[in-house]
Amino acid sequence: MDIISQLQEQVNTIALLAVNTFGTLQRDAPPVRLSTDYPEPAANSNPSNPNPTNGDGNPNPNPNANPSANPSEEANNVAEQPKAMSAALVQAAKKFDALVAALPLSGEEAQLQRIAELQAENEAIGLELQKQLEAADLEMKQVQELFNHATDNCLNLKKPD
């Protein structure tokens, strides 16, 4: 894979890591009060169901919570996950920087000179191909002539000379 393709792939990786990191941070962020002027939310946010249950008749104060998860383990995971994700993002950025540093650097004059060299090489190869095409056309005409001569001999039942 050439270096430009590697750079494109690394940019895609960085974008994916950034989106996942920001999404995880948004998902796991604790609620924050924007102003002290607003009253505390009611303890029961669903007035139509004053006693939510977890399916077995027992009250479940947080229906979104996983009852089998250990709260301290969850808190530890929430604290460690952003660190791991930011480390992966930094590693991806460092790899991108290394790929950029590996790019060949040249000035405008060097690029123009390289373009002129490539154009001259292209013209030389083009002339060679043109000569080969002319030789192939000549050979094809000779083969057609021999084929026509052979078919005429077969049709006239003449023996070849």
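Thresholds, definitions, all that
Residues numbered from 1 in each chain as written. Predicted model: local features only at pLDDT ≥ 70, side-chain atom pairs only at ≥ 80, totals over all residues. Heavy atoms only, no water. Helix = DSSP H or I, 4+ residues; strand = E, 2+ residues; numbered from the N terminus. Buried < 20%, exposed > 50% of the residue type's maximum accessible area, 1.4 Å probe, protein only. Contact = heavy atoms within 4.5 Å. Salt bridge = Lys/Arg side-chain N within 4 Å of Asp/Glu carboxyl O. UniProt positions renumbered as here; feature names shortened; annotations may be inferred. Polar contact = N/O pair within 3.5 Å; in protein donor to acceptor, adjacent residues only side chain to side chain. Expected span 1.5 Å × (residues − 1). pLDDT = per-residue confidence, 0-100.

1. Quick notes on the overall build of the chain
- For the chain, the count of helices and strands is 3 helices and 0 strands.
- Along the chain, helices (α) and strands (β) appear in the sequence α-α-α when read from the amino end.
- Of all 161 residues assigned to the chain, the portion counted as buried reaches 6%.
- When contacts within the chain are restricted to residue pairs at least 6 apart in sequence, those whose partners lie at least 24 apart make up 73%.

2. Comments concerning the pattern of salt bridges
- Scanning all chains against the criterion turns up 3 salt bridges.
- Across the pair K83 and E80 runs a salt bridge whose closest N-O atoms are separated by 4.0 Å. With a gap of 3 residues between them, K83 and E80 both fall in helix α2 (residues 71-101), about one helical turn apart.
- The class for E80 is partly exposed, based on a relative accessible area of 40%.

3. Comments concerning the UniProt feature "coiled-coil region" (unreviewed entry) in the chain
- Following the UniProt record, the feature "coiled-coil region" (unreviewed entry) maps to residues 115-153 here.
- Along residues 115-153 the backbone is 100% helical and 0% strand, and the end-to-end C-alpha distance reaches 56 Å.

4. Examining the side chain of Q10
- Summarising the element assignment, Q10 is placed in helix α1 (residues 3-28).
- Its relative accessible area of 6% is what places Q10 among the buried residues.
- One polar contact links the side chain of Q10 to the main-chain carbonyl oxygen of A92, over a distance of 3.0 Å.
- What Q10 contacts, discounting residues up to four positions off in sequence, is A92, K95, F96 and L99.

5. Notes on α1
- For α1, with 26 residues, the first-to-last C-alpha span of 37 Å sits near the 38 Å given by 1.5 Å per residue.
- Residues L7, Q10, A18, T21 and T24 constitute the buried set of α1.

6. Some thoughts on helix α3 (residues 108-156)
- If you check α3, its first and last C-alpha atoms are 71 Å apart, about what 49 residues at 1.5 Å a residue would give, namely 72 Å.
- Where α3 ends, the next residue or the one after it, L157, has phi of about 50 degrees, a positive value.

7. Some remarks on the confidence of the model for the chain
- Averaged over all residues, the pLDDT of the chain equals 82, while 76% of them reach at least 70.
- In the model of the chain, α2 stands out as the element of lowest mean pLDDT, 85, in contrast to α3, which has the highest, 94.

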